[in-house]
Amino acid sequence: MPIERTLSIIKPDAVAKNHVGEIVSYFEKSGLRVAAMKMMRLSKAQAEQFYAVHKERPFFPNLVSFMSSGPVVVQVLEGENAIALNRQIMGATNPKDAAAGTIRAKFAESIDHNAVHGSDSPETAKQEIAFFFKPEDILSYVPENELA
Ligand code: ATP
Ligand code: MG
């Protein structure tokens, strides 16, 4: 399986509830490695740009205001099949549908306060990683030529 990188955000609800360490531990226990990590607070403009794909959806204003409401932890996760694996560990968008043992089943309060973000395809992973990190800020565990 290919070694991939994906972008993860621990959202303001989970950071506020002091769940950063437990959530990172889900990734590590599943074989993903933290290749870059920073804490920041998104501006409204950054949140709008990051979720621009949803700008016509009715929930967009709420999503932007939530994502810029407090500190987040942004990470590059690296490992075999990292993009799909991260989505699996996260669980479904709506915690009511999230499988037992997933991050959202345990930590999400609702569909709009759902603890984590994860890239959903190789294309979005590349864009989202570049949105937050310069190449030199990513500390890889594999040679560049082994990355998908
Ligand atoms: P994320 O992109 O945050 O990882 P996702 O990929 O599981 O979540 P998307 O469809 O990309 O889900 O939606 C982005 C975010 O918008 C969701 O995490 C959720 O908080 C919010 N959202 C999506 N659908 C709804 C909805 N029907 N009602 C309210 N909020 C929603
Ligand atoms: Mg999404």
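A quick note: this is a predicted structure, and the numbers were derived from the prediction, not measured. (Residues numbered from 1 in each chain as written. Chains lettered and ligands numbered in written order. Predicted model: local features only at pLDDT ≥ 70, side-chain atom pairs only at ≥ 80, totals over all residues. Heavy atoms only, no water.)

S.K.: Please explain the pairing of strand S1 (residues 3-10) as it appears in this structure.
M.R.: The element S1 is extensively covered by neighbouring structure, given that eight of its eight residues are classed as buried. Looking at chain direction, S1 and strand S4 (residues 116-118) are connected through three bridges and run antiparallel. Its bridge partner being in S4, Ile10 is matched across the sheet by Val116. (Buried < 20%, exposed > 50% of the residue type's maximum accessible area, 1.4 Å probe, protein only. Helix = DSSP H or I, 4+ residues; strand = E, 2+ residues; numbered from the N terminus. Pairing = 2+ DSSP bridges.)

S.K.: Explain the pairing of strand S3 (residues 72-80) here, please?
M.R.: It is a general feature of regular strands that their side chains alternate between the two faces of the sheet. Here S3 lies mainly inside the structure; eight of its nine residues are buried. Judged from the eight bridges that link them, S1 and S3 form a sheet pairing that is antiparallel. Bridging across to S3, Ile10 finds its partner in Val73. Judged from the seven bridges that link them, strand S2 (residues 33-40) and S3 form a sheet pairing that is antiparallel. The residue of S3 that forms the bridge with Met37 is Gln75.

S.K.: How do you make sense of the site of ligand 1 when you look at a structure like this?
M.R.: By nearness alone, 14 residues border ligand 1, and Lys11, Tyr51, Arg87, Thr93 and Ile111 come closest of all. Lys11 is positioned such that a nitrogen or oxygen atom in its side chain is 2.8 Å from an oxygen atom of ligand 1. His117 places a polar side-chain atom, nitrogen or oxygen, 2.9 Å from an oxygen atom of ligand 1. Protein contacts shield 79% of the accessible area of ligand 1, which totals 570 Å² for the unbound molecule. Within the residue set of the shell around ligand 1, elements represented by two or more residues are helix H5 (82-90) and S4. Of the residues belonging to the shell around ligand 1, the class tally is five nonpolar, five polar and four charged. (Near = heavy atom within 4 Å. Polar contact = N/O pair within 3.5 Å; in protein donor to acceptor, adjacent residues only side chain to side chain. Areas by Shrake-Rupley, 256 points an atom, 1.4 Å probe, with all protein chains shown as cover. Nonpolar A, V, L, I, M, F, W, Y, C, P; charged D, E, K, R; others polar.)

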